[in-house]
Structure formats: structure tokens, C-alpha cells
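# Secondary and tertiary structure notes
Chain by chain, the residues run as shown.
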Amino acid sequence: MQIYINGELVPEAEAKVSVFDHGLLYGDGAFEGIRAYGGRIFRLHEHVDRLFRSAQHLAIQVPVTRDGLAEAILRTARANNLTDGYIRVTLTRGVGLGLDPKNITNPTLVIIASQLALYPREMYENGLELVTVALRVPPAQALEPRIKSLGKYVNNILAKMEANRAGAGEGLMLSSDGYVAEATGDNIFILCKGEMFTPPAHVGILEGITRAAAMELARRLEIPVSERMLTLYDIYNADECFLTGTAAEIVPAVKVDGRLIGTGRPGPLTKRLMAEFRALVAEEGVPISR
Ligand code: PXG
């Protein structure tokens, strides 16, 4: 595997960052997880833009331009003959011991083009089970959720461990005041009487790129879709429920905290959206080959 580090492609065994890297020491950085389908990178520019917005908030100067980053991602995919896979872009503040970022000037940019397993195929056909975890998402006033920051993910990892302990496919996280926020690495949607709802960003969610794609597809199918504050009552009483994320794509959720959602089978609108999503990723996207 060839890894991109700060402008160079190097073999995996030589791809090393400093033990003084602020990403390692403090989780001081941001990342993107991107997928490629059939030789095309899905929503490449949206991911590049989100990384730049994260970097702008963190006041980390991305060492390349937007076009330069898109090109670096494509170059890394090409060097690894990637057609279908997962691309992980990591940006950190750079090397420096001690919290104060004042004298840290050389950010670290790493791009890995690899594979990431989806949920088992069975979960796409039969739906997954969610459990509400005790751990809450950080309030937006404390940790801006729109930054896809490295450090924030300890919370998501702990939440995933809680879901694993419960034997569920995913953990559902609430805001500190008990509104439905998101899953540990996915956004959540429900369908009620033909209308689609998802929590607004200010609840403390990541504004997912797959979430935006699902909303676009719903509009195309003339399913009314809106952001709304949701409680567990809304989820338990929904006709259909599904999760969206780069890793998960669109995956039905059929059981939440022991309650069957709707019929307990992936719903008709969820299935249509999954089919439309598969068509979208096959036709859209930036070609990897020149
Ligand atoms: N919420 C959270 C907390 C996430 O981390 C999403 C929602 C969905 O966003 P996108 O833009 O992917 O639709 C995410 C995304 C990984 C990995 O490395 C994590 C994500 C995406 C891809 C890979 O496990 N999280």
C-alpha cells in the first residue's frame, strides 16, 4: 500500500508520523472518510470542503489548496489501484510537545486508500438493531459538532463499545437534554406517514454528506423531508427508520431498544432510497483514472 504523507507517496512500512504529532498527543486535527465506487470518488469536493471548514475552525492551515487536496486524494487512489474502497484523510496541527499551538507551523496531512468493511450484508437485507446508549453527544456549545475533529471520537468509540456490549448493531446517541442526535458514525432518519425527518445540526450532529445525499434523493422521489427535533417516542413510533454514513451508506434500522419499528422489516421507502443511493454512487462521482 502506498500512503500519502505531506506531498509524498511512500510504502506503508515507511509511512510514519512523529510521536510528538499533536494529532496523537491531543487529538488535535480533523479527518474525512470517503468512499470510492466503481472507480469514482463519491462527493469528493464535498469532503474536501468539509475538511477545509474543519481546518478553518481549528485554525490549521491546510498545506495544499482545495484542488490540490482533491488531486492528492485521486493520486493516492490511483497509486493503490483503488476502484471500490475507503479513503481516509487525516490532517493534524503538526509536531509539538505541549498544549499551546502557538509555535506549531507544519501540519501533517496523511491520505490512506484502503478498504472498510460495511455492516454484514444481512443487516442491509434485514435491518439492524439500535440501542440508545447512556453516553450523550457533546453539546454544540462545548464541541462544535460540524468539525469532524479527531479528539471528539473518543466519545463515539465509547458509545460504540456500549452498543457492542448490548449486542446491538449500532448505538443511538442523544443530546444532553435527551433529544435524538445520531448514531456513533451515522446520521439517523425516520419516516412517518410518508414524511421523512432527521435531527437538525444544532442538536450536536455531524452534518453528514450521506445525510445530504439522502435528503436530495427524498426530494427527487417527492418524499417531504425536514429537520426536526426528535425524541425516542418519535423513533419508537416511526413507520421506518434508517441510518446514513459514508461507511454505512443507507442501512435500515428495524429494532430500537427492543421495540420493532413499523413492521420490523426494512420499509418500502427505505428500500427505494437504498436503491436510488446505489444508482447515484454508480453514476456520480469523480473518476479516479485520468
Ligand atoms: N455522524 C458521525 C458522528 C460520523 O462520524 C456521520 C455522522 C456520517 O457522515 P457522512 O459524511 O460520512 O455521511 C459520521 C461519519 C470511520 C468513518 O473511520 C466514520 C465516518 C465516516 C466514514 C468512516 O469509521 N463517520
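Residues numbered from 1 in each chain as written. Predicted model: local features only at pLDDT ≥ 70, side-chain atom pairs only at ≥ 80, totals over all residues. Heavy atoms only, no water.

## Some words on the sheet that holds strand S2 (residues 8–11)
Working definition: the strands of a sheet are paired by backbone hydrogen bonds and lie parallel or antiparallel to each other. Put simply, the rule reads: Any two strands with at least two DSSP bridges between them are considered paired. Strands are runs of DSSP state E lasting at least 2 residues, helices are runs of H or I lasting at least 4, and numbering of each runs from the N terminus.
Strand order in the open sheet made by the 7 strands is S2-S1-S6-S5-S3-S4-S16, with antiparallel pairing throughout. Each end of this open sheet is capped by a strand with a single partner; those strands are S2 and strand S16 (286–287). The sheet contact formed by strand S3 (residues 29–37) and strand S5 (residues 85–92) spans 8 bridges and is antiparallel. Counterpart to Gly33 in the pairing with S5 is Arg88.

## Things to note about the domain arrangement of the protein
For an interface, size is often stated in terms of accessible area lost upon the parts coming together. Just so we agree on the cut-off: Domain delimitation follows an automatic or database domain assignment. Contacts between residues were defined by any pair of non-hydrogen atoms, one from each residue, lying within 4.5 Å. Buried area is a sum: the accessible area each of two parts loses on coming together, probed at 1.4 Å, counted once for each and added.
According to the domain assignment, the protein consists of domain 1 (2–114) and domain 2 (121–282). If you average the C-alpha positions of domain 1 and of domain 2, the two centres end up 26 Å apart. Contacts between the two partners involve 24 residues from domain 1, matched on the other side by 21 residues from domain 2. For the pair domain 1 and domain 2, the summed buried area comes to about 1,800 Å², and 64% of that belongs to carbon and sulfur atoms.

## Comments concerning the state of the cysteines
For the record, the criterion: Put simply, a disulfide is two cysteine sulfurs that come within 2.5 Å.
Under the criterion given, the structure shown has 0 disulfides. Between Cys192, a free cysteine, and Cys241, which holds the nearest cysteine sulfur, the sulfur-to-sulfur gap is 9.6 Å.

## Description of unusual backbone geometry
Convention followed: A simple rule labels every residue: compare its accessible area, found with a 1.4 Å probe on the protein chains alone, to the largest value its type can have, and call it buried under 20%, exposed over 50%, or partly exposed in between.
Of note in this structure, Arg43 is not a glycine but carries a positive phi near 50 degrees. Its location among the elements puts Arg43 in the loop between strand S4 (40–41) and helix H2 (44–58). The phi angle at Ala59 is positive, at roughly 55 degrees, despite the residue not being glycine. The class of Ala59 is exposed, set by a relative accessible area of 61%.

## Describing the pattern of salt bridges
If the charged atoms of two oppositely charged side chains come close together, the side chains can form a pair. Selection criterion: Between Lys or Arg on one side and Asp or Glu on the other, a salt bridge is scored when a side-chain nitrogen of the former is within 4 Å of a carboxyl oxygen of the latter.
For the structure on display, the rule yields 12 salt bridges. Between Glu216 and Arg43 there is a salt bridge whose closest N-O contact spans 2.9 Å. Placement of the pair is Glu216 in helix H6 (residues 209–220) and Arg43 in the loop between S4 and H2, with a sequence separation of 173 residues. The salt bridge involving Asp100 is made with Lys102; its shortest N-O contact spans 3.5 Å. Assessed through its relative accessible area of 47%, Asp100 is described here as partly exposed. What makes Lys102 exposed here is its relative accessible area of 63%.

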